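Read off the chains here:
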Amino acid sequence: MDSIGKWIAKHRKFIIFLGVLLLIPSVIGYVDTRVNYDILSYLPDSLETVEGQDIMVDEFGMGAFSMVIVEDMELKEVAALKQEIAQVEHVTEVLWYDSAMDLSVPIDMLPKKLKEGFFRGDATMMIVLFDNTTSSDEAMNAVSEMRKMVGEKCFISGMTGIVTDIKNLALQEMPIYVVIAALLSLLVLLLTMESFVVPFLFLISIGVAIIYNLGSNFFLGEISYITQALTAVLQLGVTMDYSIFLLNNYEENKRQLQGSKEEAMSLAISNTFKSVMGSSVTTIAGFIALCFMTFTLGRDIGIVMSKGVIIGVLCCVTLLPAMILTFDRAIEKTRHKPLLPSMDRLSGFITKHYGVWLVLFLALLAPAIYGNNHVGIYYNIDKSLPSTLPSNEANEKLREEFEMSNVHMVLFDKNMDRKEKLQMLEEMKQVEGVKWVIGLDSFIGADFPESMIPDNLLGILQSENYELQFVCSEYATATKEVNAQIDELQKIVKSYSADAMVIGEAPLTKDLEDVTDVDLKKVNMISIAAIFVIIMIVFKSISLPFILVAVIEFAIFVNMAIPYYQGITLPFVASIVIGTIQLGATVDYAILMTSNYQKERGSGKQKKEAIAAAHQSCMKSIVISGCSFFAATFGVSLYSQVDMIGSICTLLSRGAVISTVVVLLVLPAMFMIFDPIICHTSVGFLPKKERRHQEYRQYREEHEF
């Protein structure tokens, strides 16, 4: 790495030129990367509900639907609107009462349940079927076109409408996330750095790394909107430490070498790469743990962020050194006294009163664990969005006017005996919370010959192999009531046909709950095990992995317990990813202090002296690192209207502060208590003489001298 460092320092102009040149394909890749706005699409393909979605596309030529509520319009006007909607690209069919009967047939002559399904007071409802899946660009474009067409008297509900609103809101907010994170990070850097130019160089270097990362997502095909929104914020917060370490190393080398800037930078590059690679491994391990989730959104975030950390390290040892050397004169001219005061006295106070922090730790441990284990989690996606969005207004109108919150779809064998179909339909109508069930027989009646069924109606509700029924539920998605209802419906349809299935938004969300509940436990265990092993290898210690992981896990428990005691429920995504990200990103603080403690203890200092020296030497770095992470995420948490993103950023910003405080207060206390165990179960914590004496004593005991 020394020779590479010399080459980078010597060819700094070429490095900057290459860095700018690589932005071109990165921007193109970023623009051409599709963004997925549907969380439910990340469920595993093996689930029956997901298979059912594919069957809908393959067999019926449709994968999604929306309910359109029309108020205060004459039937002829509604019929005309229906025809207009049917002409929208990617709308396959519009299901209304005139799909089976002529408008001349009075509404009062419709079957009671059918009438209740399509009419309520001055409002009527039609079901619009799309030729592609819920989150497809085609379905979202169709909803956008319909919204332009229908006017103020119409409301378009359904999952595709929700996904469309998420897309519109995310596209509006994402550029603001980057600006907020950059400005707050700049403020922290201006307060902590000793030059006014350095903060801008840091942000440019990290900004370029973020663009590289986003551009390289092109090879993944698509990424989630959550991943895209968090990438810049997380990468900025997580990789800032590397830049600070490089600059500090460069400045120290410059003082020692007295003016040889290129040599000082080449040494700084070499030292930074070795140190940062070790530090970044724990962060990468936390993100890679997410890749083991069955719910593949975790893999999406894990791959993109692991890649981002690696790219951040590479930019830190190539582009940033080139810019620092190029603007070295400007850096020197803008030097000023550090605005951050000395923390030596505060450090001394903390280490002197270690017993207080230990008692505080023990006092908070039980309520932190309890709050972490009992924090409320919600899975209803529309709950994460503002109530003023068109999709939420339409869903609320659907609940008010038609007393319905969900529509499930039932797929079953088209060759099922007609008598059994009617029996199954009647049994489903009796399930608690079911408002109505619409199928072929709902339109034509039990005595109507199948040969006389209108072709358009037959094409909507019957395919080559399957028949389709719509089941209206008064229960909201992701509630205990709707989950119990789905279980009961599944039992009924399976009793008539093993291949029958209940699909739709609510069944998919129910599967989401089951899958992510398992993922949460699995991901936390994998991340803890991976970081445990890394710490064990780095420090060649049996005891330190337990202590360091316990300290950060305590910080995570405190962070997750706060929403419980506030009475706040979290979106399920936040509860899954926060543990691994906070552990992977902030365990570096504990590793830094432990490294200094190992160095001081190994040099011959006694326990208290070594811990105090280690704490004092790294306190400022840990505070700056924690503040950088906090700054990158806090502003986004306040601004974002998408709770999926806002809650994650709230937890991350608060987690950065809590981890910083816990490492600075609790970890030194742990060292004080467990110093004898650490020294005898770890390499490098005893002076060489004492180590040789210990080895000799152990040898004597083993050979019974």
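Up top you'll find the structure we're talking about.
Described in the following lines is the structure provided in the data block. (Residues numbered from 1 in each chain as written. Predicted model: local features only at pLDDT ≥ 70, side-chain atom pairs only at ≥ 80, totals over all residues. Heavy atoms only, no water.)

Re the nonpolar core
Tyr225, Ile226 and Phe295 are the most contacted members of the largest nonpolar core, which totals 157 residues. Formed by 55 residues, the second largest nonpolar core is a distinct cluster that contains Val88, Tyr97, Phe119 and Val150. (Core = buried A, V, L, I, M, F, W, Y, C linked by side-chain atoms within 4.5 Å. Buried < 20%, exposed > 50% of the residue type's maximum accessible area, 1.4 Å probe, protein only.)

Considerations on a negative patch on the surface
Taken together, Asp45, Glu51, Asp54 and Asp58 make up a surface patch of like negative charges. Its place among the elements puts Asp45 in the loop between strand S1 (34-36) and helix H4 (48-60). (Patch = residues over 30% accessible without salt bridge, like charges linked within 9 Å, V, L, I, M, F, W, Y side chains within 5 Å. Areas by Shrake-Rupley, 256 points an atom, 1.4 Å probe, with all protein chains shown as cover. Salt bridge = Lys/Arg side-chain N within 4 Å of Asp/Glu carboxyl O. Lys, Arg positive; Asp, Glu negative; His and termini not counted. Charge placed at Lys NZ, Arg CZ, Asp CG, Glu CD. Helix = DSSP H or I, 4+ residues; strand = E, 2+ residues; numbered from the N terminus.)

As for the pattern of salt bridges
Counted by the stated rule, this structure contains 23 salt bridges. The partner of Lys254 in a salt bridge is Glu332, with the nearest N and O atoms 2.8 Å apart. Placement of the pair is Lys254 in helix H10 (residues 225-257) and Glu332 in helix H14 (residues 328-333), with a sequence separation of 78 residues. Judged by its relative accessible area of 35%, Glu332 falls in the partly exposed class. Between Asp328 and Lys261 there is a salt bridge, and its shortest N-O distance comes to 2.7 Å. With Asp328 in helix H14 and Lys261 in helix H11 (residues 261-289), the pair connects residues that are 67 residues apart, well separated along the chain. Judged by relative accessible area, which is 37%, Lys261 ranks as partly exposed. Each of Glu251, Lys254, Lys261, Asp328, Glu332 and Arg335 takes part in one network of salt bridges that share partners.

Considering the packing of aromatic side chains
Overall, the coordinates contain 17 aromatic pairs when judged by the stated rule. Geometrically, the ring pair formed by Tyr379 and Phe572 is stacked, given 5.4 Å between the ring centres and 15 degrees between the ring planes. Residue Tyr379 is found in the loop between strand S8 (377-378) and helix H17 (390-402), and its partner Phe572 is found in helix H24 (residues 572-602); the two are separated by 193 residues along the sequence. Here the aromatic residues Tyr42, Phe295, Tyr379 and Phe572 are joined through ring pairs into a cluster of three or more. (Phe/Tyr/Trp six-rings, centres within 6.5 Å; stacked < 30°, edge-to-face > 60°.)

A look at the environment of Gly278
Assignment of secondary structure puts Gly278 in helix H11. For the pair formed by Gly278 and Ser195, sequence separation is 83 residues and the distance between their alpha carbons is 28 Å.

Here we look at the sheet that holds strand S10 (residues 434-438)
Strand order in the open sheet made by the four strands is S10-S11-S9-S12, with antiparallel pairing throughout. Every interior strand has two partners, whereas the edge strands, S10 and strand S12 (501-503), have only one. On average, each strand axis in the sheet is inclined to that of its neighbour by 25 degrees, with strand direction left out of account. Taken together, the four bridges between S10 and strand S11 (residues 466-473) define a ladder with antiparallel strand orientation. Looking at the pairing, Ile438 lines up with Phe470 of S11. Contacting strand S9 (406-413), S10, S11 and S12, helix H21 (residues 480-496) runs over the sheet at an angle of about 15 degrees to S9. (Pairing = 2+ DSSP bridges. Axes fitted to C-alpha atoms, helices over the stretch in contact; angles between N-to-C directions. Contact = heavy atoms within 4.5 Å.)

Focus: H10
Here H10 contains 33 residues, and its C-alpha end-to-end distance of 48 Å stays within 8% of the 48 Å for a straight helix at 1.5 Å per residue. For H10, the principal kink sits at Thr231 and spans about 40 degrees. Counting buried residues in H10 gives 26 out of 33 residues, a clear majority hidden from the surface. The N-terminus of H10 is capped by Ser224, whose side-chain oxygen sits 3.0 Å from the backbone nitrogen of Ile226. (Expected span 1.5 Å × (residues − 1). Bend = angle between axes of the 7 residues up to and from the residue. Polar contact = N/O pair within 3.5 Å; in protein donor to acceptor, adjacent residues only side chain to side chain.)

A short note on the pairing of strand S5 (residues 123-130)
Counted residue by residue, S5 has eight buried out of eight residues, so it is predominantly covered. Across the two faces of S5 the burial is the same, with Ala123, Met125, Ile127 and Leu129 and Thr124, Met126, Val128 and Phe130 all buried. With eight bridges connecting them, strand S2 (residues 64-71) and S5 associate as antiparallel partners. When the sheet's bridge partners are listed, Met67 is paired in S5 with Ile127. With four bridges connecting them, strand S3 (residues 91-95) and S5 associate as antiparallel partners.

Concerning the packing of helix H8 (residues 159-192) against H17
H17 packs onto H8 with a crossing angle of 155 degrees between their chain directions and a minimal axis gap of 8 Å. Comparing the axis directions of H8 and H17 gives the class roughly antiparallel. The segment H8 lies against H17, with Gly161, Ile162 and Asp165 engaging Pro390, Ser391 and Asn395. Partitioning the contact of H8 with H17 into residue classes produces two nonpolar, three polar and one charged. (Parallel < 35°, antiparallel > 145°, perpendicular 65-115°, else oblique. Nonpolar A, V, L, I, M, F, W, Y, C, P; charged D, E, K, R; others polar.)

Some details on H8
Across its 34 residues, H8 extends 47 Å between first and last C-alpha, which sits within 8% of the 50 Å expected from 1.5 Å per residue. At Glu173, H8 is deflected by roughly 30 degrees, the largest bend along its length, and proline Pro175 occurs up to four residues later in sequence.

Observations concerning the side chain of Asn483
For Asn483, the position within the fold is in helix H21. Among the residues examined, Asn483 registers a relative accessible area of 13% and is labelled buried. Polar contacts involving the side chain of Asn483 include one to the side chain of Glu513, which spans 3.3 Å. Once residues lying within four places of it in the same chain are set aside, the contact partners of Asn483 are Lys510 and Glu513.

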